[in-house]
Amino acid sequence: MTFRVKALVCAVVAGAIASLYSTDGYFSSQWIHFFVYLVAILLSSGMKVAMPRSDGTMSVNFPFILLGILQLSPLQATLLAASSVLAQCRIRVIKPFSLIQILFNVANVTTATVLAWHTYVASLTLLNREVAPALAVAATVYFLANTIPLALILGWESGASPARKWLQEFPWYLPFYFVGAVLAASADWVGIHFGWLTSLLLIPMVYTVYRAYMAQMARVRDRERHIAETEALHLRTIEGLAMAVEAKDKNTHRHLMRVRVYVSELGKLMGLDQPLMRALVTASFLHDIGKLAVPEYIINKPGKLTPEEFEKMKIHPVVGADILERVHFPYPVVPIVRSHHEAWDGSGYPGGLKGEEIPIGARILTAVDCFDALASDRPYRKALPIGQAMAFVRSKAGIQFDPVVVKLLEERYLGLEEMARQQIEEVEPLKTDLFIERGVAPGAGFAQEQGAEGAEKASDAGACAQPRLGLLGRIAAAAQEAKSLLELEQAMGTSLSPAELSAMVCARLQPLLPFECLVVYRKQDDAVIPLYSGGRSASAFSAQPIPAGEGLSGWVAQSARPIVNGNPTVEPNYLSGSGSFAGSSSALSIPLFNLSGAILGVLTVCSSKQAAFAKDDLRVLQAIEPRFSLALENTLRYQFAPMAPFQEPKTDALTQLSNLGRFLERTDAELESARAKAQSFAVIACDLRSFRKVNDGYGYAAGNQLLRSIARGFRDCCGPDDTVARIGGDEFAFLFPAMDASSADAQLEILHLVVERMCAGQQIETGLSLSVGSAFYPQDGDGAEELLAKAERRLEIDRRNSMEQRGHREPRRLLAGVSAR
């Protein structure tokens, strides 16, 4: 017990002793009445009734205590009350009472009984001898004197407010005290008018009331059990809806469990009322249910989102709120879900709410959601240490998050983390990679797999079936295919118009793919426009633009995903009068991407055969797509460029840096200036070691994006008088005026850091690093080409040394040594 609890117990005991002294001088000779009432109290002590909205019980022997106040001396009434408490502490108890608890309860009821007796006597005088009102006032005083000390102890022991504890636990007792007063007054009236023994009819009256109450409480408990089961079912339904999100977002379940623990505890600490607490817990489960409307490839994308993908992701709070609005929750779940991506400074979405305009539940959920997301593994990054996650949330206080919520989270996050680990049950993740043996085929037939199988079984000469080849035959076919693809890629760079390029590709693909028509589309705004249609059935499609999302090619342009063995007749620009294709015909369509990774267009091939295309055909088109897309983009740029006198380009098209010609011009100019001022300057050549692994592992679009990022970083870390150029695929050159060998190391360190930072920014992990070679005027040469050649020779030495001694020498010190030679 705490000190103040001990002090209160002592005060109550002292008050009981003092109250007993106040009864001195009041005597009664009615000891027979006393013993009869004592027997009735002891017999009825086991008949306890549970109080609504409370864990406490009340014995039905209270009317006999009031009857003692009416008919006996204060000492006798106090003995009856003390006997009642002792019996209740020993009869039908779940947990035995300690000696201190029994002493406190006896002292407390003693004080309450004496106060009630004095109140009754005083009330009789004030109320003109009206027994019933006086007894009601006495019962009220008894109730307050009995419950207030209990509320103080319960509140202090639990850390809650005693006043709130009293309001929560005890007001429900008061009506039962009034019922006891009515029964005692009735028994007293009967005894006065019909004899004292008649008043003993109070005993069957009390028992009848007790049995009626117990029958009613049985029905109430059944109803409460039904409500509890319904609420449990409700919660399981909510968890089931959350599992629906997990089917798309593999990181959801554990995240939701942890967020629930955090928001529940923070809500309690912030004093939220019961409806808002239930809304907050429900929203912690369902705040991401709107992700059902977001494509799975966006949710689980292992990298940063594009602006278009982020626009799609931003709809999930609104969609989630619309879904939950139809559930008609009895507490405010919808506003929390709708606002859980709002920011404290108004920069969030979807409504741009700011400050306390954001619902308090959403403010709590937003901070916790971000904190746990940072501390958890995601497809696009590894989990941060919990301290770093908290530091990030703290840095956003007053910007993205409510400062009060952040302060409370920072004070409690370590304890809440431990609580979350203890409370979260390890639940087996939802299985989606199942294999179902039953089921032969869908009603509409197979798209890709059956197409390959059907191709093998076709028997007519015009079928696209490939005969089963032996091992040597397959090796020869693969070699021929590789040779044809290589020749195709080499030929793509010679075309100057989209039509010429597409016609060449169509002719070269004919021996590799079983198509009768090839169509190339260019994406423009919200439509795809045919650029070329070739092959035996080229007239089957018109030049009509196709809206994005419609038909095969429109769907591929919108979703950026290929489709195999689709129906070519669903294309909006298909001319049904041509008779070239039918509903059973096949189409293979792939998206084309530009250098920035956005959709450039669509390449579609069609066949009149059913299920004509297989996985290998898709692989062929995807193999040529990067080179074809680049060539098509270049021809489109040339086609729509304004005519002007020919000028040799001075910049690199991909990175917008100076090219080799411009770099040599700037170096020649610097030579003239250095000779006149007798100054030195540096020429540095570098290339990106292992850059091929980026293209192989992440694709050409990612490789081009990384080159642009590194080029931008190189430009930013150089001065206004320095020159940066891209002189080859992954090779760069630098011109640093007034730099000598002693000052080059610091600049080389900066270049290395640029590469590391840009790779980290795109989550590229291939061990990409720089090989560097340096040359200095005048000691290494007296001409631009001579200096660059000297730098490239040293670059080659550095590259060989790095390959031979990889892992045994520090690259940056090696580079510094090379540049100083």
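What counts, and at which threshold
- Residues numbered from 1 in each chain as written.
- Predicted model: local features only at pLDDT ≥ 70, side-chain atom pairs only at ≥ 80, totals over all residues.
- Heavy atoms only, no water.
- Helix = DSSP H or I, 4+ residues; strand = E, 2+ residues; numbered from the N terminus.
- Expected span 1.5 Å × (residues − 1).
- Buried < 20%, exposed > 50% of the residue type's maximum accessible area, 1.4 Å probe, protein only.
- Arc of directions from axis to C-beta.
- Pairing = 2+ DSSP bridges.
- Axes fitted to C-alpha atoms, helices over the stretch in contact; angles between N-to-C directions.
- Left-handed = near helix turned anticlockwise from the far one by under 90°.
- Contact = heavy atoms within 4.5 Å.
- Core = buried A, V, L, I, M, F, W, Y, C linked by side-chain atoms within 4.5 Å.
- Phe/Tyr/Trp six-rings, centres within 6.5 Å; stacked < 30°, edge-to-face > 60°.
- pLDDT = per-residue confidence, 0-100.
- Patch = residues over 30% accessible without salt bridge, like charges linked within 9 Å, V, L, I, M, F, W, Y side chains within 5 Å.
- Areas by Shrake-Rupley, 256 points an atom, 1.4 Å probe, with all protein chains shown as cover.
- Salt bridge = Lys/Arg side-chain N within 4 Å of Asp/Glu carboxyl O.

Enquirer: Would you take a moment to explain helix α2 (residues 31-44) for this structure?
Expert: Because the α-helix completes a turn every 3.6 residues, residues three or four places apart line up on one side. With 14 residues, α2 should cover 20 Å at 1.5 Å per step; its first-to-last C-alpha distance of 20 Å lies within 8% of that length. Within the sequence span of α2, burial applies to H33, F34, Y37, L38, A40, I41 and S44. Buried residues in α2, looked at end-on, bunch into an arc of 165°, giving them a common side. The outward face of α2, more than 90 degrees from its buried face, is lined by the exposed residues I32 and L43.

Enquirer: Even after reading the chapter, I still don't get the sheet that holds strand β9 (residues 681-689), so can you show me in this structure?
Expert: Spatial ordering of the open sheet is given by β10-β11-β9-β12, a layout of 4 strands whose pairing is antiparallel. Because the sheet does not close on itself, it has two edges, and the strands there are β10 (723-726) and β12 (769-777). Taking the axes of each pair of neighbouring strands and ignoring which way they run, one obtains an average angle of 20° across the sheet. Pairing between β9 and strand β11 (residues 731-737): 7 bridges, direction antiparallel. Of the residues in β11, the one forming a bridge with D687 is E731.

Enquirer: So what exactly am I meant to see when it comes to helix α5 (residues 99-126) here?
Expert: Between its first and last C-alpha atoms α5 spans 40 Å; for 28 residues at 1.5 Å apiece the expected length is 40 Å, and the two agree. Immediately downstream of α5, the backbone of N128 shows phi near 55°, a positive value.

Enquirer: Got a minute to help me understand the packing of helix α26 (residues 700-716) against helix α27 (residues 744-761) in this structure?
Expert: Angle between the axes and distance between the axes are the two parameters that describe a pair of packed helices. Where α26 contacts α27, the axes come no closer than 9 Å and their chain directions differ by 140°. For α26 against α27, the interelement crossing comes out right-handed. Across from L706, S709, I710, G713 and F714 in α26, the residues of α27 making contact are L751, V754, V755, M758 and C759.

Enquirer: Explain the nonpolar core here, please?
Expert: Ranked by internal contacts, the top residues of the largest apolar core, which has 43 residues, are L324, V333, I364, F371, V393 and L409. Mapped onto this core, the elements with two or more residues apiece are α10 (252-269), α11 (274-286), α14 (316-325), α15 (333-338), α16 (360-374), α17 (386-395) and α18 (403-423). Element by element, the count of residues in this core is highest for α16, at 8 residues. Beyond its immediate chain neighbours, meaning those up to four positions away, V393 contacts A367, C370, F371, L374, F401, V406 and L409.

Enquirer: How do you make sense of the packing of aromatic side chains when you look at a structure like this?
Expert: The description of an aromatic ring pair rests on the distance of the ring centres and on the angle between the ring planes. Tallied over the full model, the rule gives 12 aromatic pairs. On the basis of an interplanar angle of 55° and a centroid distance of 6.0 Å, the ring pair of F143 and W166 is categorised as tilted. Of the two residues, F143 sits in helix α6 (residues 131-158) while W166 sits in helix α7 (residues 162-169), which places them 23 residues apart along the sequence. Judged by centre distance (5.8 Å) and plane angle (5°), the rings of F734 and F736 are stacked. A single burial state applies to F734 and to F736, both of which are buried. Cluster of aromatic residues (ring-pair linked, three or more members): F714, F732, F734 and F736.

Enquirer: What's the story with the confidence of the model for the protein in this structure? I'm lost.
Expert: Low pLDDT means the predicted coordinates in that region are not meant to be read closely. Per-residue pLDDT for the protein averages 79, and the proportion of residues at 70 or more is 80%. Confidence drops under pLDDT 50 across residues 448-472; counting only partners more than four residues distant or on other chains, this segment forms 25 contacts. With pLDDT under 50 throughout, residues 807-821 is counted as low confidence; its partners more than four residues away or in other chains account for 31 contacts.

Enquirer: Quick question: what am I supposed to make of the sheet that holds strand β4 (residues 527-534) here?
Expert: The strands that make up a sheet pair up through hydrogen bonds in the backbone, lying either parallel or antiparallel. Within the open sheet, the 6 strands sit side by side as β5-β4-β3-β8-β7-β6. Their pairing is antiparallel. The sheet terminates laterally at β5 (546-547) and β6 (563-566), the two strands that pair on one side only. Two strands pair when backbone bridges link them, and β4 and β5 are joined in this way by 2 bridges, in the antiparallel orientation. The residue bridging V528 from the neighbouring strand is I546, located in β5.

Enquirer: Where do I start with a nonpolar patch on the surface in this structure?
Expert: A cluster of nonpolar side chains, namely L20, W31, F35, L75 and L79, defines an oily patch on the protein surface of about 460 Å² accessible area. Secondary-structure elements contributing two or more residues to the nonpolar patch are α2 and α4 (74-90). Note that W31 resides in helix α2. Judged by relative accessible area, W31 falls into the partly exposed class, the value being 40%.

Enquirer: So what exactly am I meant to see when it comes to the pairing of β10 here?
Expert: Here is the key point about a regular strand: its side chains alternate between the two faces of the sheet. Covered by surrounding structure in β10 are T723 and A725 together with V724 and R726, the residues of both alternating faces. Note that β10 and β11 share 4 bridges and pair antiparallel. By the bridge assignment for β11, V724 is matched with F734.

Enquirer: Explain the pattern of salt bridges here, please?
Expert: A side chain with one charge may pair with a side chain of the opposite charge, provided their charged atoms come close. Enumeration over the complete set of coordinates arrives at 20 salt bridges. In this structure, R619 and D616 form a salt bridge, with 3.8 Å as the shortest nitrogen-oxygen distance. Taken together, the residues span about one helical turn, with R619 and D616 both in helix α23 (residues 615-640) at a distance of 3 residues. On the basis of relative accessible area, R619 is assigned to the partly exposed category, the value being 39%.

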